[in-house]
Amino acid sequence: MPSVMRRLRPRPFSLCQAILLLSLSASPVFAADTTQPSTQPATRPTASSWHAMIQKYLSELDALNFEDREAAQARLIEMGPDVLIPLRESLSSATTAEYNFRAKLVVDGIH
């Protein structure tokens, strides 16, 4: 019987467990949400600004910086089928191999 009581007895926290508990309780993820929900409808970009964003990301598909190319590719995929027509139009002009490769990845990512 004493062995059963020993297993039921709570064990003290280790230092690591205590630090973890304290850090989680102070984390903003677990904090109460005190912000008021917005009553305004989500704003949608206008057609001209949407087209401008698409053109901006298309031009960044062959940027010098790798992170810029990756971000532009991901953003174009997120924008969905709206980018396919401007993307195909841009492929008709002289483009780089990097641009062509990333354009294919965008098309594959959307489909």
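Our structure is the block above this text.
This one's a predicted model, so the numbers in the text were calculated from it and none came from an experiment.

### Section: the packing of helix α4 (residues 66-79) against helix α6 (residues 97-110)
Here is step 1: Two elements in contact, α4 and α6, have axes separated by 9 Å at closest approach and are oriented at 30°. Looking at the two axes, α4 sits roughly parallel to α6. Viewed along their axes, α4 and α6 form a crossing whose handedness is right-handed. Between α4, through F66, R69, E70, Q73, L76 and I77, and α6, the contact on the second element is made entirely by E98, R102, L105, V106, G109 and I110.
Here is step 2: Here the contact of α4 with α6 is composed, by residue class, of 6 nonpolar, 2 polar and 4 charged.

### Description of the nonpolar core
Here is step 1: If you look at the biggest cluster of nonpolar residues, it comprises 15 residues, and the most contacted ones within it are L58, L61, L76, M79, V83, L87 and V106.
Here is step 2: When residues of this core are traced back to their parent elements, those giving at least two are α3 (47-59), α4, α5 (84-91) and α6.
Here is step 3: Ranked by the residues each element gives to this core, the list is headed by α6, at 5 residues.
Here is step 4: Filtering out sequence-adjacent residues up to four positions away, L61 remains in contact with R69, A72, Q73, L76, L87, E98, Y99, R102 and A103.

### Quick word on the environment of S59
Here is step 1: Relative to the helices and strands, S59 is located in helix α3.
Here is step 2: Taking relative accessible area as the criterion, S59 reaches 48% and is therefore assigned partly exposed.
Here is step 3: Each C-alpha atom, one on S59 and one on S90, is 9.3 Å from the other, the two residues being 31 residues apart in sequence.

Procedures and definitions
- For every chain, the first residue of the written sequence is number 1, and numbering continues from 1 onward in sequence order.
- Local features are withheld for residues below a pLDDT of 70 in this predicted model, meaning they are given only at 70 or higher, and side-chain atom pairs are given and counted only at 80 or more; totals for whole chains, interfaces and linings count all residues.
- Note that water and hydrogens are dropped before the side-chain values are worked out from all heavy atoms of the structure.
- Orientation is described by lines fitted to C-alpha atoms, with helices fitted over the stretch in contact, and by angles between N-to-C directions that extend from 0 to 180 degrees.
- In this description a helix means any DSSP run of H or I spanning at least four residues, a strand means any run of E spanning at least two, and both kinds are numbered starting from the N terminus.
- Under this scheme an angle from 65 to 115 degrees is roughly perpendicular, one under 35 degrees roughly parallel, and one over 145 degrees roughly antiparallel; angles in between are oblique.
- The hand of a helix crossing depends on one turn: near helix anticlockwise from the far one by less than a right angle means left-handed, and clockwise means right-handed.
- In what follows, residue pairs with any heavy atoms lying within 4.5 Å of each other are defined as contacts.
- Polar here means any residue outside two lists: the nonpolar Ala, Val, Leu, Ile, Met, Phe, Trp, Tyr, Cys and Pro, and the charged Asp, Glu, Lys and Arg; Gly therefore counts as polar.
- Among buried residues, the Ala, Val, Leu, Ile, Met, Phe, Trp, Tyr and Cys ones that are joined through side-chain atoms within 4.5 Å form a nonpolar core.
- Between buried and exposed lies partly exposed: a residue is buried under 20% and exposed over 50% of the maximum accessible area for its type, with that area taken using a 1.4 Å probe on protein chains only.

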